[in-house]
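Here are the chains, one letter per residue:
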Amino acid sequence: MTSQPPARRPNRSRGAHRTGLLRGQGAALTLATGGAVLGWFLPLWEKRLAAPGLSFDASTAQAALGAVAGSMITLAGFIVTAITLVVQTVQAMSPRLVAALGRFSRFLALFGLLIGTALYALVTLSHIRGDNVPRLSVTLAVALVLLDAIVVLHLLASLRHAVTGGGLSRAVGECLRATIHQVHPVAAKTSPVPLTAHQGDTLSITHRGRPAVIASIDEARITRLADRSHLRIWLTRTVGDSVTTGDVVARVEPEAAAVDPLLDRRIAACLRYGPSRTLEQDTAYGFRLLADIAIRALSPGINDPTTAVQALDQIEDALLRLTDRTLGPIWLLGQHGTPRVNLPAPQWADVVSVALDETLLYGSSSLQTVRRLNALLQRLLATVPAERKPAVAERADALQRLATTRLPDPFLHRIAGCSDRQGLGGPSDSAGR
């Protein structure tokens, strides 16, 4: 018998991170199409009823609708330019942030709203003939201009947070907290599974597509499949791993499962692939993004330790949330509590490494970063269970050695040795508590 991972029920999340951009595209298309449809049918409806509205003669209504259409198209072009500049700024912080956050779907919806308003005005304009002026339709066009202005001002105001290091760190931290809650159950709700590891005859499931990254795993579907066929499935690759054609992604026991010619395809279909990693089920990738922000801010060309401290604020919060949660490989349980699917996953030491190691290396010459790291590590040491303390203690010792080498001056070394949650300027603890 070997030491076995704990078990839990499969997660049934549909993956909000993955579908955010698709929702934005769908909303933009719906708004644009809806504007054109409304511009066609509302004036026809007005012919049958005496609808209220502002008083316009034909020439004034035509001028107003033409101005609305032209201004909305111009504003849509301005929004595209603004989004392009924002994307470039965010990519300068980390090339992976734009795709990972998916927060620009709201700007796609705004673009659809502006184009929808322009189409509404143009289509309504085609209904003005002679003295026939659809007063309500023209009034609605004016109201849509006011609505568009409010939405544009609101989203432009939010851009000032989206393009700062602190704003990006908070956005990643928010997504990371949602992923932790979804993927990692509280340890008390799991139990070890006394099951021998698979041996001998197994059916290998290989990746048949082009090179890709495992973006997510449909836990509920693969567990149901194993339950119905009375199988045990060992996944050999996890979320975030890159795979090439022919790579083994899973092994199935017993080998008798091979009598089902479609089984390998059904199991392979439970793994969703993409061009890059996402935050949908990948906790380690959230820490990777925060570490990217921190080390980019610490590069000599930027030299912005305050942004690194803001990233460490989010890293500390996420690590504290993981202190009482299950990490590492885990079994997914079937309908009757039978272990069905074994999921590989990073251990605590792996998560701490991706979250902190590079910032320790590149930030050890920054007084502000060292003090913030001291506070983070001391709080973890006081919080994590005993079996997880060594990974944190090793990094606390490494930080002291690196800071001694990079800050040899006694005065600077004494300043850096304090524990300060603000980095510099906050209440410091020279004892490192």
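Remember, it's a predicted structure, so these values are computed and weren't measured experimentally.

Caption draft 1: Layout of the nonpolar core. By size, the foremost hydrophobic cluster in this structure holds 72 residues, and its most contacted members are Phe 287, Ile 315, Leu 319, Trp 348 and Leu 356. Of all the elements, helix H2 (residues 58-93) adds the most residues to this core, at 13 residues. When sequence neighbours within four positions are dropped, the list of residues in contact with Trp 348 reads Leu 319, Leu 322, Thr 323, Leu 327, Val 384, Arg 388, Ala 391 and Val 392.

Caption draft 2: Broad picture of the sheet that holds strand S4 (residues 212-217). Judged by pairing direction, the sheet is antiparallel, and its three strands sit side by side in the order S6-S4-S8 without closing on themselves. Edge positions in the sheet fall to strand S6 (242-243) and strand S8 (271-274), since each of these pairs with one other strand and no more.

Caption draft 3: Quick look at the pairing of strand S5 (residues 232-235). Here S5 runs beside strand S7 (residues 248-253); their pairing, made up of four bridges, is antiparallel. Paired with Arg 232 across the strands is Glu 253, a residue of S7. Taken together, the two bridges between S5 and strand S10 (residues 339-343) define a ladder with parallel strand orientation. When the bridges of S10 are listed, Ile 233 appears paired with Val 341.

Caption draft 4: Inspection of the environment of Ser 276 at higher detail. Locating Ser 276 in the fold gives a position in the loop between S8 and helix H9 (283-297). By relative accessible area, which is 31% here, Ser 276 ends up partly exposed. Taking the C-alpha atoms as reference, Ser 276 lies 9.5 Å from Asp 241; in sequence the two are 35 residues apart.

Caption draft 5: Molecular detail of the packing of H9 against helix H11 (residues 348-363). Close contact between H9 and H11 brings their axes to 8 Å; oriented N to C, the two are set at 10 degrees. Relative to H11, H9 is oriented roughly parallel. The segment H9 lies against H11, with Ala 284, Phe 287, Arg 288, Ala 291, Ala 294 and Ile 295 engaging Val 351, Val 354, Ala 355, Glu 358, Thr 359 and Tyr 362.

Caption draft 6: Summary view of the environment of Ile 128. Along the polypeptide, Ile 128 turns up in the loop between helix H4 (105-125) and helix H5 (135-162). In sequence terms Ile 128 and Ala 61 are 67 residues apart; their C-alpha atoms lie 8.1 Å from each other.

What counts and how
Residues numbered from 1 in each chain as written. Predicted model: local features only at pLDDT ≥ 70, side-chain atom pairs only at ≥ 80, totals over all residues. Heavy atoms only, no water. Core = buried A, V, L, I, M, F, W, Y, C linked by side-chain atoms within 4.5 Å. Buried < 20%, exposed > 50% of the residue type's maximum accessible area, 1.4 Å probe, protein only. Helix = DSSP H or I, 4+ residues; strand = E, 2+ residues; numbered from the N terminus. Contact = heavy atoms within 4.5 Å. Pairing = 2+ DSSP bridges. Axes fitted to C-alpha atoms, helices over the stretch in contact; angles between N-to-C directions. Parallel < 35°, antiparallel > 145°, perpendicular 65-115°, else oblique.

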